[in-house]
Amino acid sequence: MTPLGIGIVGTGNIAGGYARDALTHPEIRLVAATDLDPVRLAAFAEAHAIRAHPSLDDLLADDEVDIVVNLTVHHAHYEVTKRALEAGRHVYSEKPLALRTEEARELVDLAVARGLRLGCSPSTFLGEAQQTSAGLIRSGRLGTVRAVYSEVNWGRIETWHPAPAPFFDVGVLVDVGVYPLTLVTTMLGRARSVRAWGWDLMPDRRTIDGTPFRIGSPDLIVAALELDGGAVMRLTASFYVGRPAKLTGSLEFHGDDGSLALGSFQDFDATVEVGAYGESYESVDLVRPGFRGTAWARGVAEMAGAIAEGRPHRASAEQAAHVVEILESAAASMADGGRRIEIDSTFATPPLMPWAQGPR
Ligand SMILES: NC(=O)c1ccc[n+]([C@@H]2O[C@H](COP(=O)([O-])OP(=O)(O)OC[C@H]3O[C@@H](n4cnc5c(N)ncnc54)[C@H](O)[C@@H]3O)[C@@H](O)[C@H]2O)c1
């Protein structure tokens, strides 16, 4: 196929990961970028030998940009995605799709109305370890799954990220909780309710250059979700606890017949272990050798392939909007003493990748 042209908006921390990984996918070709910071933009464009556009409007006027990849900060996702869709471009956004359910819904509807594709991260459910886990769970290997435990101990982000403020503004559930929420809803279907509780454990922090700031959201959150099939998910998310915690970003699925432990929701080569009830875990071979770490552009490449083949793409905006509703409802629950809040939206669970299908 002729690769679709990618234009990146937001050439910050994660953009390099996308640019490097894009080279490994024949479905896409990075052609241009823009950023509010001209110095950062110029360095990125030079490093990847692409066009640097001084504004979003200029990037949207570039005929070679078929898909806009929105890698801006959380607060800017809605506006940038909306403008790109209005300009007639397909969009793939970093998570979350938007900060409000209403905005996420509006973007989904706008894409449908314009006949455009809208995809969203996290697409880490496309990783080899995650697809292996999804295949085993969907095949009934664990029996009925009734409990899911997830740990997101993401540590003190200000100790490594040069611009941590937007991450603390939205909080750990919105920034990182989206990974297990997307994985679990991929494997077990939609959530029907959420309750959440939050604490400020270490409110006063310092940036790398020593500037003091106060966190804008709880740095320890415990959430409990009821999924449509009846399973309960307990999610712990923290911007305080991090390494050397034993579990930093992992999931365990517990069913009537057995359990599955996924070592990481993010690393495609994570360990997958399965054990019958009452026995010990044993390692399972992945469906194919796992990519080391995270292949950041796999979701947008899969969407480009889907456009070419005229089939639905897997990292769907409908699922991302469902996750936004969970996040917003969790925030409302936290503000109201952990009240149970019902979730209305739904989505079609994505099929396994072709290389992950077949008997296990
Ligand atoms: N850093 C990571 O490890 C990581 C991993 C996965 C996903 N993400 C997601 O990727 C996104 C970006 O994260 P990051 O760490 O690269 O942040 P960052 O702050 O390093 O970079 C964001 C860039 O977007 C630019 N920007 C902001 N608003 C803009 C606008 N309206 N138009 C054009 N440019 C704009 C900023 O100038 C900045 O260069 C976030 O949504 C985050 O959740 C980050």
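As shown above, the structure is provided for reference.
No experiment lies behind these values; they were computed from the predicted model shown. (Residues numbered from 1 in each chain as written. Predicted model: local features only at pLDDT ≥ 70, side-chain atom pairs only at ≥ 80, totals over all residues. Heavy atoms only, no water.)

Draft legend 1. Representation of the nonpolar core within the structure. The biggest cluster of nonpolar side chains holds 80 residues, and the ones touching the most others in it are Ile8, Ile67, Val69, Leu251, Phe253 and Leu260. Looking at this core element by element, the count peaks at 10 residues for helix H8 (residues 172-188). Beyond its immediate chain neighbours, meaning those up to four positions away, Val69 contacts Ile6, Gly7, Ile8, Val9, Tyr18, Tyr92 and Val300. Membership of the second largest hydrophobic core comes to 27 residues, among which are Val31, Leu59, Val68 and Cys120. (Core = buried A, V, L, I, M, F, W, Y, C linked by side-chain atoms within 4.5 Å. Buried < 20%, exposed > 50% of the residue type's maximum accessible area, 1.4 Å probe, protein only. Helix = DSSP H or I, 4+ residues; strand = E, 2+ residues; numbered from the N terminus. Contact = heavy atoms within 4.5 Å.)

Draft legend 2. Structural view of a nonpolar patch on the surface. A contiguous nonpolar patch, built from Trp197, Trp199 and Leu201 and spanning about 300 Å² of accessible area, is present on the exposed surface. Within the secondary structure, Trp199 sits in strand S8 (residues 191-199). Judged by relative accessible area, Trp199 falls into the partly exposed class, the value being 43%. (Patch = residues over 30% accessible without salt bridge, like charges linked within 9 Å, V, L, I, M, F, W, Y side chains within 5 Å. Areas by Shrake-Rupley, 256 points an atom, 1.4 Å probe, with all protein chains shown as cover. Salt bridge = Lys/Arg side-chain N within 4 Å of Asp/Glu carboxyl O.)

Draft legend 3. Spotlight on the sheet that holds S8. Strand order in the open sheet formed by nine strands is S16-S15-S14-S13-S7-S12-S11-S8-S17, with mixed pairing between adjacent strands. The sheet is open, and its two borders are formed by strand S16 (282-283) and strand S17 (341-342), each paired with just one other strand. Pairing geometry for strand S7 (residues 145-153) and strand S13 (residues 249-255), over seven bridges, is antiparallel. Within S13, the residue paired with Val152 across the bridge is Gly249. Its contacts with the sheet put H8 on S7, S8, strand S11 (220-227), strand S12 (232-238), S13 and strand S14 (258-262), and the angle it makes with S12 is roughly 155 degrees. Against the sheet, helix H10 (residues 317-334) makes contact with S8, S11 and S17, and its axis sits at roughly 45 degrees relative to S8, the strand it touches most. (Pairing = 2+ DSSP bridges. Axes fitted to C-alpha atoms, helices over the stretch in contact; angles between N-to-C directions.)

Draft legend 4. The arrangement of the site of the ligand in detail. The local shell around the ligand holds 22 residues, among which Asn13, Ile14, Asp35, Arg40 and Lys95 are the closest. A distance of 3.1 Å separates an oxygen atom of the ligand from a polar side-chain atom of His74. With respect to the ligand, the side chain of Lys95 contributes an N or O atom lying 2.8 Å from an oxygen atom. Its free accessible area being 830 Å², the ligand has 86% of it covered by the protein chains. Of all the elements in the fold, those that place two or more residues in the shell around the ligand are helix H4 (77-86) and H8. (Near = heavy atom within 4 Å. Polar contact = N/O pair within 3.5 Å; in protein donor to acceptor, adjacent residues only side chain to side chain.)

Draft legend 5. Looking closely at the environment of Val194. As for its position among the elements, Val194 is in strand S8. Take Val194: its relative accessible area is 1%, and that puts it in the buried class. With residues near it in sequence (within four places) discarded, Val194 still touches Ala224, Leu225, Ile326, Ser329, Ala330, Ser333, Arg339, Arg340, Ile341 and Ile343.

Draft legend 6. Quick look at the pairing of strand S15 (residues 272-276). With five bridges joining them, S14 and S15 adopt antiparallel strand pairing. Paired with Ala261 across the two strands is Glu273, which belongs to S15. Note that S15 and S16 share two bridges and pair antiparallel. Residue pairing for S16: Val274 is matched across the bridge by Glu282. Here S15 folds back onto S16, and the loop between the two strands holds five residues, one of which, Gly278, carries a positive phi near 85 degrees.

Draft legend 7. Local environment of the pattern of salt bridges. Under the defined criterion, the tally for this structure stands at 23 salt bridges. Between Arg83 and Asp57 there is a salt bridge whose closest N-O contact spans 3.0 Å. Taken together, the residues span a long stretch of sequence, with Arg83 in helix H4 and Asp57 in helix H3 (residues 56-60) at a distance of 26 residues. Arg83 gets classed as partly exposed once you look at its relative accessible area, which sits at 31%.

Draft legend 8. Up close: the side chain of Glu128. Residue placement: Glu128 occurs in helix H6 (residues 128-138). On the accessibility criterion, Glu128 (2% relative accessible area) is buried. Engagement of the side chain of Glu128 in a polar contact is seen with the side chain of Arg298, the distance being 3.2 Å. Apart from the residues lying within four places of it in its own chain, the contact partners of Glu128 are Phe268, Leu286, Val287, Arg288, Pro289, Gly290, Phe291, Arg298 and Trp355.

Draft legend 9. Representation of the packing of helix H5 (residues 101-114) against H10 within the structure. Close contact between H5 and H10 brings their axes to 9 Å; oriented N to C, the two are set at 170 degrees. In terms of their interaxial angle, H5 and H10 are classed as roughly antiparallel. Contacts from Thr101, Ala104 and Val108 in H5 reach Ala317, Glu318, Ala321, Val324, Glu325 and Glu328 in H10. Partitioning the contact of H5 with H10 into residue classes produces five nonpolar, one polar and three charged. (Parallel < 35°, antiparallel > 145°, perpendicular 65-115°, else oblique. Nonpolar A, V, L, I, M, F, W, Y, C, P; charged D, E, K, R; others polar.)

Draft legend 10. Structural detail: helix H1 (residues 15-22). Judged by how many residues are buried, H1 sits mostly within the fold: seven of eight residues are covered. Along H1, the residues that are buried comprise Ala15, Gly16, Gly17, Tyr18, Ala19, Asp21 and Ala22. Contacts made by the buried residues of H1 are with strand S1 (4-9), strand S2 (28-34), helix H2 (38-48), strand S4 (67-70), strand S5 (90-93) and helix H9 (298-309).

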